[in-house]
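Structural description and commentary
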Amino acid sequence: MPSGTAPAGRRAAAVSLVGIRPELLTANALSSRLTAEVRGGGVRQVLEYARGVAVTPRTTAGPAADSGTTITFRPDAGVFDDTAACSFAALADRFRELAFLNRSLDISLTDERPPGGSRSVRYLYPGGARDFVALLDAGAGAPVHPDVIGFEREDPGMAGTVEVAMRWSSSPVNRILGFANSRPTPFYGGTHMEGFRRGSVAAINTYARQRGLLTAADPDLGAERIEEGLTAVVSVKLDHPEYFGSTRGGLGNTEVLECVGRAVREHLGSWLEEHPEQAAAVLGRMLGQARTG
């Protein structure tokens, strides 16, 4: 799993040269044996654990020509019954998701269990979130506009980056996914998602009023109307994420709301200005539904 060059607090990899990162603690505790091989800086190092406890000190195992992490683990039979098995499909789905969210990540998965021979998949998506939206949109009906709108921005105001990709389709259903440091977050459970909604609403309504598509007597288009048929991926990577909720699934960084909202408002607004024909198709669908709905 070759790693990219993301800043230290935002990596998708769960193991570093100093030990197990929090994302892998549960798997480590539930494994009778876990070995982590970490390659970086020209060095290959190995860490070994038994039921979450280090059994050997970190050792240098030789030089490394690449960078990345290899994890080998066995589920603890004292916790799981004999039927416990890793799902290739579930792992493949999650690894593909990680590759979409980290465009420099080249990730492979090999299953050597099938008696007829091993099976492997490899994921690398240079288009990042744009490629993710294109995949999600594949069965959503005809796109309202051909281009996937997308941008990525570093913002010191939230000590991190935001990447957004979005496109409207003819489907009445929306598909809006949020992620914080490559972890899935609920749509209404995070400041990044609220910032996305506010930024989208502001950009669409500002453009509509500037073009005379909404009069002074018309109310603003609401988020529910704007999000109809929308496929979007909103991904933030933060040096210091703060989570809330019983499962700590929601993102709570207050500064993220303003930063993401501003970024979406500016970039979506610019896209509408620069693509008037596609903008007309997007707004035409929203306004037509609003006046007949």
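Because the structure is a prediction, the values reported are computed rather than measured. The numbering scheme is per chain: residues are counted from 1 as the chain's sequence reads. Per-residue local features of the predicted model are confined to residues with pLDDT of at least 70, and side-chain atom pairs are confined, for both listing and counting, to 80 or more; whole-chain, interface and lining totals are unaffected and use all residues. Hydrogen atoms and water are omitted, and side-chain values are computed over all heavy atoms in the structure.

1. Quick notes on the sheet that holds strand β12 (residues 183-185)
Under the convention used in this document: A pair of strands is considered paired only if DSSP assigns at least 2 bridges between the two. Per the convention used, a helix needs a DSSP run of H or I reaching at least four residues, while a strand needs a run of E reaching at least two, with both numbered from the N terminus. Throughout, an axis means a line fitted to C-alpha atoms (over the contacting stretch in the case of helices), and angles, computed between N-to-C directions, take values from 0 to 180 degrees.
The strand order across the open sheet built from 5 strands is β9-β10-β13-β11-β12, with neighbouring strands paired in mixed fashion. Among the strands making up the open sheet, the edge pair consists of β9 (149-155) and β12. Ignoring which end each strand starts from, the neighbouring axes of this sheet average 20 degrees apart. Where strand β11 (residues 175-180) lies against strand β13 (residues 230-238), 6 bridges are found, and the strand directions are parallel.

2. Observations concerning the pairing of β9
Basically, it comes down to this: Accessibility here uses a 1.4 Å probe with only protein chains present; expressed as a share of the type maximum, an area under 20% marks a residue as buried, one over 50% as exposed, and anything in between as partly exposed.
By the criterion of burial, β9 is predominantly enclosed, with 5 of the 7 residues buried. Sheet topology places β9 next to strand β10 (residues 160-168); 7 bridges connect them, and they run antiparallel. Looking at β10, one finds that E154 is bridged to T161. Where β9 folds back on β10, the antiparallel hairpin that results is connected by 4 residues, among which A159 adopts a positive phi of roughly 50 degrees.

3. Brief notes about the nonpolar core
Selection rule: By convention a nonpolar core is built from buried Ala, Val, Leu, Ile, Met, Phe, Trp, Tyr and Cys residues, the set being connected through side-chain atoms within 4.5 Å. In what follows, residue pairs with any heavy atoms lying within 4.5 Å of each other are defined as contacts.
M166, W168, F196, I204, V236, L268 and L283 are the most contacted members of the largest nonpolar core, which has 38 residues in total. Looking at this core, the elements that each hand over two or more residues are β9, β10, β11, α4 (191-210), β13, α6 (254-274) and α7 (276-292). If near-sequence neighbours (up to four positions away) are discounted, V236 is found in contact with M158, T161, V162, F179, A180, N181, H192, L251, V256 and V260. The next biggest cluster of nonpolar side chains, apart from the first, holds 17 residues, and it includes A99, L101, L109 and A129.

4. Comments concerning the sheet that holds strand β3 (residues 31-40)
Spatially, the 4 strands line up as an open sheet ordered β5-β4-β3-β6, and their pairing is antiparallel. Two strands in the sheet have a free side with no partner beyond their single neighbour: β5 (53-63) and β6 (68-75). For this sheet, the mean angle separating the axes of adjacent strands, direction not counted, is 10 degrees. Across 7 bridges, β3 lies against strand β4 (residues 43-50) in antiparallel orientation. For R39, the partnering residue across the bridge sits in β4 and is R44.

5. A closer look at the side chain of S31
Selection criterion: Residues adjacent in sequence count toward polar contacts only when both atoms are side-chain atoms; beyond that, a polar contact is any pair of N or O atoms within 3.5 Å, and within protein one must be able to donate a hydrogen and the other to accept it.
Examined against the element boundaries, S31 turns out to sit in strand β3. A distance of 2.6 Å separates the side chain of S31 from the backbone oxygen of A27, its partner in a polar contact. If we skip the residues at most four places from it in the chain, S31 touches A50, R51, G52, F73, R74, P75 and D76.

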